[in-house]
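# Structural overview for review
If you want the building blocks of each chain, they are given just below.
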Amino acid sequence: MPTPETAIASALDLTYVRSQFPALAQTVNGHPAVFLDGPGGTQVPQRVIDAISGYLLRDNANTGGAYATSRRTDAMIASARAATADFLHCGADEVIFGPNMTSLTYAMSRAIGRDLKPGDEILVTRLDHDANVSPWLQMAEDHGLTVRWAEIHDEDCTLDMADLASKINAKTKLVAVGYASNAVGTINPVKEIVRLAHAAGAVAYIDAVHYAPHGLIDVAALDCDFLVCSTYKFFGSHMGVLFGKREHLKRLRPYKVRPNTNAIPNCWEWGTLNHECIAGIAACVEYIADLGRRALSEKGVPHPTRVSLGGNNETQLSSRRAAIEAAYAAIHEHERGLLERLMAGLREIPGLKIYGITDPARFNQRCGTLAIRIENHAPLELATKLGERGFFTWDGNYYALNLTEHLDVEKSGGFLRIGLVHYNTMEEVARLLAALREIVGV
Ligand SMILES: Cc1ncc(COP(=O)(O)O)c(C=O)c1O
């Protein structure tokens, strides 16, 4: 539990936040468990657990039937779609549910690829998770496309934007880029990359899996063509979600079975979906929105109201969307405090190297996901020793394989990854630093 000092200093009510997540109360070998494994999947609030089990208890059925449980299932999926649309800031018919980001990306790459021809080009990046690289490389192989790679600045693990811009041209059909790196925490200038892609007539496919727990996603403002994320990374169930601009979802031809209608979004959703996990999605979006409602009411701001955005944009800024925006402002502020404290403490440990941005003046270009190595200590050894003390971190490449190979750490165990999310506390950070010092003997 947070100390009173940390609770007051935080932009979030950490006592409330942590009380929502039953898993956080666990212990390991008598030590309180410290969940620094958010980049691999976050814990879920009680309401998500209740929504999943409640669905199985009362509503479990297939869709489209003329009876009560089936109708409730249809209504539940519609409400999860509406919640996700508020989360991403798009229309509900632009939201596609699938098993995970990787499967959705493979499905979309198959459909995008069938309209491309030899000589067309695509661009991927050295920084991305392999799920936003391999599907496109395999699409390129199938259709004879040329692949361009955007390189990084090795010293701070940021994208080399000049290099990226130079590799987009009139032949480019697709630019696939991550919003934030799941290995080193870099947040990419996605809006600018979308602009560059569009100027060349290419579509932009954004992997927001790692960004989603840390920052507000606004597909309308980004103007991206596709954006994918996974609800299990932002306090929900094990599901993937894809946003596609309506025009693309209608224009592209999905591979699908005949009884699936041609109407979007269903023509992109095949077979029977994981209904119980979809039930968890609305609950996790509501959890985030509630953080925002609480933050707003503490500041004396009245409950957000529905505002029309007007113009050609049919979407309205729902009260839930306004609450989600407020939630991310509070999450950002809290995580920023944790990041500053963790970074300062890590920099004092001799022999420790941090990959990625370390300058606090540039922390708006990164999130609180840190990749480190410590001289004479393999990442797996550190993760194991931390694990015995109750700290859950990761070692290896976390599928950011192109990056670990490029930085030549792949053969020696990759990195130790410490992932901060909003339910972590200052006290946990202080304890982690003490444990690391003890393990390396300084
Ligand atoms: C940045 C990033 N992209 C993609 C993925 C793959 O997501 P999924 O497990 O939903 O396929 C991950 C998972 O760790 C990730 O961190």
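First, a word on what this report is: a plain description of the structure on this page. Source: prediction; values computed, not measured. (Residues numbered from 1 in each chain as written. Predicted model: local features only at pLDDT ≥ 70, side-chain atom pairs only at ≥ 80, totals over all residues. Heavy atoms only, no water.)

### What to know about the overall build of the chain
- Along the chain, the regular secondary structure elements total 15 helices and 19 strands.
- In terms of overall dimensions, the chain is globule-like: its C-alpha atoms have a radius of gyration of 22 Å, near the 22 Å expected for 442 residues.
- Expressed as lengths along the three principal axes of its C-alpha atoms, the size of the chain is roughly 65 × 50 × 40 Å.
- The buried share of the chain, taken over its 442 residues, is 56%.
- A fraction of 70% describes how many contacts in the chain between residues 6 or more apart in sequence connect residues 24 or more apart.
- For the chain, the exposed surface amounts to about 17900 Å²; the carbon and sulfur share of it is 52%.
- Of note, the chain has its 43 positive side-chain charges centred 5 Å away from the centre of its 50 negative side-chain charges. (Helix = DSSP H or I, 4+ residues; strand = E, 2+ residues; numbered from the N terminus. Rg over C-alpha atoms; globule rule 2.2 N^0.38 Å. Buried < 20%, exposed > 50% of the residue type's maximum accessible area, 1.4 Å probe, protein only. Contact = heavy atoms within 4.5 Å. Areas by Shrake-Rupley, 256 points an atom, 1.4 Å probe, with all protein chains shown as cover. Lys, Arg positive; Asp, Glu negative; His and termini not counted. Charge placed at Lys NZ, Arg CZ, Asp CG, Glu CD.)

### Here we look at the sheet that holds strand β10 (residues 203–207)
- The 7 strands lie next to each other as β4-β12-β11-β10-β9-β5-β6, forming an open sheet whose pairing is mixed. Where the open sheet ends on each side, the last strands, each with one partner, are β4 (95–98) and β6 (146–150). In this sheet, neighbouring strand axes are inclined to one another by 20° on average, regardless of whether the strands run parallel or antiparallel.
- Two strands pair when backbone bridges link them, and strand β5 (residues 121–125) and strand β9 (residues 172–178) are joined in this way by 3 bridges, in the parallel orientation. If you follow Ile 122 over to β9, its bridge partner there is Leu 174.
- Contacts from helix α8 (residues 190–199) reach β9 and β10 within the one sheet, and its direction differs from that of β10 by about 155°. (Pairing = 2+ DSSP bridges. Axes fitted to C-alpha atoms, helices over the stretch in contact; angles between N-to-C directions.)

### Notes on unusual backbone geometry
- Note that the residue after Ile 264, namely Pro 265, is joined by a cis bond; omega there is 0°.
- Position of Pro 265 among the secondary structure elements: in the loop between α10 (246–251) and α11 (275–298).
- We note that Phe 235 has phi near 75°; this positive angle belongs to a residue other than glycine.
- Its location among the elements puts Phe 235 in the loop between β11 (226–230) and β12 (240–244).
- We note that Asn 376 has phi near 65°; this positive angle belongs to a residue other than glycine.
- Along the chain, Asn 376 falls in the loop between β16 (369–374) and α13 (379–388).

### Structural notes on the nonpolar core
- Among the nonpolar cores identified, the biggest contains 88 residues, and Phe 87, Leu 88, Phe 97 and Leu 227 are the most heavily contacted of them.
- Looking at which element gives the most residues to this core, the answer is α11, with 13 residues.
- Ignoring anything within four residues of it in the chain, the contact list for Phe 87 reads Ala 212, Ile 217, Phe 234, Val 285, Ile 288, Arg 321, Ile 324 and Tyr 328. (Core = buried A, V, L, I, M, F, W, Y, C linked by side-chain atoms within 4.5 Å.)

### So, the site of the ligand
- Taken together, Asn 100, Met 101, Thr 102, His 129, Ala 131, Asn 182, Asp 207, Val 209, His 210, Ser 230, Tyr 232 and Lys 233 form the complete shell of residues around the ligand.
- Asn 182 is positioned such that a nitrogen or oxygen atom in its side chain is 3.5 Å from an oxygen atom of the ligand.
- The contact in question runs from an oxygen atom of the ligand to an N or O atom on the side chain of Lys 233, over 2.6 Å.
- Tallied by class, the residues present in the shell around the ligand amount to 4 nonpolar, 6 polar and 2 charged. (Near = heavy atom within 4 Å. Polar contact = N/O pair within 3.5 Å; in protein donor to acceptor, adjacent residues only side chain to side chain. Nonpolar A, V, L, I, M, F, W, Y, C, P; charged D, E, K, R; others polar.)

### As for the pairing of β6
- Here β5 pairs with β6 via 5 bridges, running parallel. Note on β6: the bridge partner recorded for Glu 121 is Thr 146.

### A short note on the sheet that holds strand β18 (residues 394–396)
- Judged by pairing direction, the sheet is antiparallel, and its 4 strands sit side by side in the order β15-β16-β19-β18 without closing on themselves. Whereas interior strands pair on both sides, the edge strands pair on one side only; in this sheet they are β15 (352–355) and β18. The mean angle between the axes of side-by-side strands here comes to 30°, regardless of whether they run parallel or antiparallel.
- Summarising the sheet, β18 and strand β19 (residues 415–419) pair through 3 bridges and their orientation is antiparallel. Directly across from Trp 394, in β19, lies its bridge partner Arg 417.
- Each of β15, β16 and β19 is contacted by helix α12 (residues 319–347), which is oriented at about 10° to β16, the strand it contacts most.
- Each of β16, β18 and β19 touches α13; the most contacted strand, β19, lies at about 40° to it.

### Focus: the packing of aromatic side chains
- All told, the structure shown has 12 aromatic pairs when counted by the stated rule.
- A cation over an aromatic ring shows up here: Arg 114 above the ring of Tyr 255, its NZ or CZ 4.0 Å from the ring centre. (Phe/Tyr/Trp six-rings, centres within 6.5 Å; stacked < 30°, edge-to-face > 60°. Lys NZ or Arg CZ within 6 Å of the ring centre and 35° of its normal.)

### A closer look at the pattern of salt bridges
- According to the stated counting rule, one finds 26 salt bridges in the structure shown.
- One salt bridge connects Arg 246 with Asp 93, and the closest N-O pair in it is separated by 2.9 Å. Here Asp 93 lies in the loop between α4 (68–88) and β4 and Arg 246 lies in helix α10, a separation of 153 residues in the sequence.
- On the basis of relative accessibility, which here comes to 25%, the residue Asp 93 falls in the partly exposed class.
- We note a salt bridge from Glu 151 to Arg 126, for which the minimum N-O separation is 2.6 Å. Of this pair, Glu 151 sits in the loop between β6 and β7 (152–153) while Arg 126 sits in the loop between β5 and α6 (134–143), and the two are 25 residues apart along the sequence.
- Residue classification places Glu 151 among the partly exposed residues on the basis of a relative accessible area of 21%.
- The class for Arg 126 is buried, based on a relative accessible area of 18%.
- Linked by salt bridges that have partners in common, Arg 47, Asp 86, Glu 286, Asp 290, Arg 293 and Arg 320 make up one network. (Salt bridge = Lys/Arg side-chain N within 4 Å of Asp/Glu carboxyl O.)

### Digging into α13
- Of the residues making up α13, those classed as buried are Pro 379, Leu 382, Ala 383 and Leu 386. Take α13 and look down its axis: the buried residues cluster within an arc of 95°, on one side only.
- Trailing α13 by a residue or two, Gly 390 shows a phi angle of about 95°, which is positive. (Arc of directions from axis to C-beta.)

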